[in-house]
Amino acid sequence: MIGIGSTEFSFSSEKKSKSKMEEYTIFLFDQWDEYIGKSLIIPDYSLSLEIEEGSIKGLGKIAATAAALYFGIGQYGSFVSGIETIIGQARSVGNYLVEKAETLGDSKGSLKVKRRSETLGSLERLFHDVQNGKISAEEATSKAKSLLGDESPELIHSLEQEFKTLPLHPQQIEINFHDPIFSEEKKIEKTKKPIQPRLPTPPVVPSKNLRVEIWRESKKQHKKIRTTLV
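None of the values given here were measured: they were computed from a predicted structure.

Trainee: So, the overall build of the chain: which residues are in play, and what are the values?
Mentor: Along the chain, the regular secondary structure elements total six helices and six strands. Counting all 230 residues of the chain, 38% fall into the buried class. In the chain, the proportion of contacts linking residues at least 24 apart, taken out of those at least 6 apart, comes to 71%. In the form shown here, the chain has an accessible surface area of approximately 14900 Å², with 52% of it arising from carbon and sulfur atoms.

Trainee: Residue-level account of helix α3 (residues 79–104), with values.
Mentor: An ideal rise of 1.5 Å per residue puts 38 Å on 26 residues; α3 measures up with 37 Å between its terminal C-alpha atoms. Residue Asp106 follows α3 closely and has a positive phi angle near 50°.

Trainee: Quick rundown of the environment of Glu217? Include the residues and the values.
Mentor: Mapped onto the secondary structure, Glu217 falls in the loop between β5 (210–216) and β6 (224–229). Of the residues examined, Glu217 reaches a relative accessible area of 40% and is grouped as partly exposed. Through-space distance from the C-alpha of Glu217 to that of Tyr45 is 7.1 Å; in sequence the pair is 172 residues apart. Beyond its immediate sequence surroundings of up to four residues, Glu217 is in contact with Met1, Tyr45 and Ser46.

Trainee: Account for the environment of Thr141, with residues named and values stated.
Mentor: For Thr141, the position within the fold is in helix α5 (residues 137–148). Residue class for Thr141 comes out buried when judged on its relative accessible area of 6%. Spatially, the C-alpha atoms of Thr141 and Lys164 are 9.3 Å apart, while their sequence positions differ by 23 residues. Each residue touching Thr141, except ones within four places of it in the same chain, is listed here: Glu160 and Phe163.

Trainee: Let's hear about the nonpolar core: which residues, and what values?
Mentor: The biggest cluster of nonpolar side chains holds 52 residues, and the ones touching the most others in it are Ile62, Leu159 and Phe163. With 11 residues, α3 is the single largest residue contributor to this core. When neighbours within four sequence positions are excluded, Phe163 is seen to be in contact with Leu126, Phe127, Val130, Ala137, Ala140, Thr141 and Ala144.

Trainee: Report on the pattern of salt bridges, specifying residues and quantitative values.
Mentor: Applying the stated criterion across every chain yields a total of eight salt bridges. Ionic pairing is found between Glu34 and Lys38, a salt bridge with its closest N-O pair at 3.5 Å. Of the two residues, Glu34 and Lys38 are both situated in helix α1 (residues 18–39); the distance of four residues between them amounts to about one turn of the helix. Given a relative accessible area of 46%, Glu34 falls into the partly exposed group. The class of Lys38 is exposed, set by a relative accessible area of 65%. We note a salt bridge from Glu52 to Arg211, for which the minimum N-O separation is 3.3 Å. In this pair, Glu52 sits in strand β2 (residues 46–52) while Arg211 sits in strand β5, placing the two residues 159 residues apart along the sequence.

Trainee: Break down the side chain of Arg216 for me, citing the residues and quoting the values.
Mentor: With respect to the element layout, Arg216 can be found in strand β5. A polar atom in the side chain of Arg216 sits 3.0 Å from the backbone oxygen of Tyr45. Residues within four places of Arg216 in sequence aside, it is in contact with Phe29, Asp33, Tyr45, Ser46, Leu47, Gln221, His222 and Lys223.

Trainee: Go over the sheet that holds β6 with me, naming the residues and quoting the values.
Mentor: Taken together, six strands build an open sheet; the order of strands is β4-β1-β3-β2-β5-β6 and the sheet is antiparallel. Whereas interior strands pair on both sides, the edge strands pair on one side only; in this sheet they are β4 (112–116) and β6. Neighbouring strand axes in the sheet, compared pairwise and without regard to direction, differ in orientation by 10° on average. Here β2 pairs with β5 via six bridges, running antiparallel. Bridge pairing links Leu47 to Arg216 in β5. Contacts between α1 and the sheet are confined to β1 (2–11), β2, β3 (56–64), β5 and β6, with β2 contributing the most and set at about 150° to the helix.

Calculation notes
- Residues numbered from 1 in each chain as written.
- Predicted model: local features only at pLDDT ≥ 70, side-chain atom pairs only at ≥ 80, totals over all residues.
- Heavy atoms only, no water.
- Helix = DSSP H or I, 4+ residues; strand = E, 2+ residues; numbered from the N terminus.
- Buried < 20%, exposed > 50% of the residue type's maximum accessible area, 1.4 Å probe, protein only.
- Contact = heavy atoms within 4.5 Å.
- Areas by Shrake-Rupley, 256 points an atom, 1.4 Å probe, with all protein chains shown as cover.
- Expected span 1.5 Å × (residues − 1).
- Core = buried A, V, L, I, M, F, W, Y, C linked by side-chain atoms within 4.5 Å.
- Salt bridge = Lys/Arg side-chain N within 4 Å of Asp/Glu carboxyl O.
- Polar contact = N/O pair within 3.5 Å; in protein donor to acceptor, adjacent residues only side chain to side chain.
- Pairing = 2+ DSSP bridges.
- Axes fitted to C-alpha atoms, helices over the stretch in contact; angles between N-to-C directions.

None of the figures reported here should be taken as evidence of function without further support.
Here is the structure:
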């Protein structure tokens, strides 16, 4: 599976019972899955969602096989535009997940969000590095093989051809502003403060929280659910 995008989030919320946590996570997963089906132009994908109680902590991930990704990218004419478009779609569905999670989870504020474009983002960076002259097409192909493995020779071959035909961006001359011509460095000696001994802190015993996990490997599979204490 090739990672397309992940969204991690947390916000303050009242604790829920085990049944309410499971109900909340299942409904959120189903709503998110339905939205992805309308917004992500990939024929098949895997989906996973973890929700942990306390303050609500969530992690949603989307991935696809090389074949499904190859088909999805092919809808946009070129690998560069296809990858950029799918990353944008993954970011959009991640935003939807966070908004829906907040609404259903009775958010009390303090929202924190982290988004990652996963393997697809790494491929996008390879295209940018080739265009900017940082690496050669051969180096980009080698790195793409390391990212994707042997799952799809057709995808690797298409990436290789795309790397070779990428137009390079104009190069800019870099000026070293640390050169003595532009600046002078002054050494400032700082007096060292005496190190104060740290007092021992009592050990903190973490409380157990419920975590509900829902996932499926493809659209044809039924979702699986697991509830644990962490």
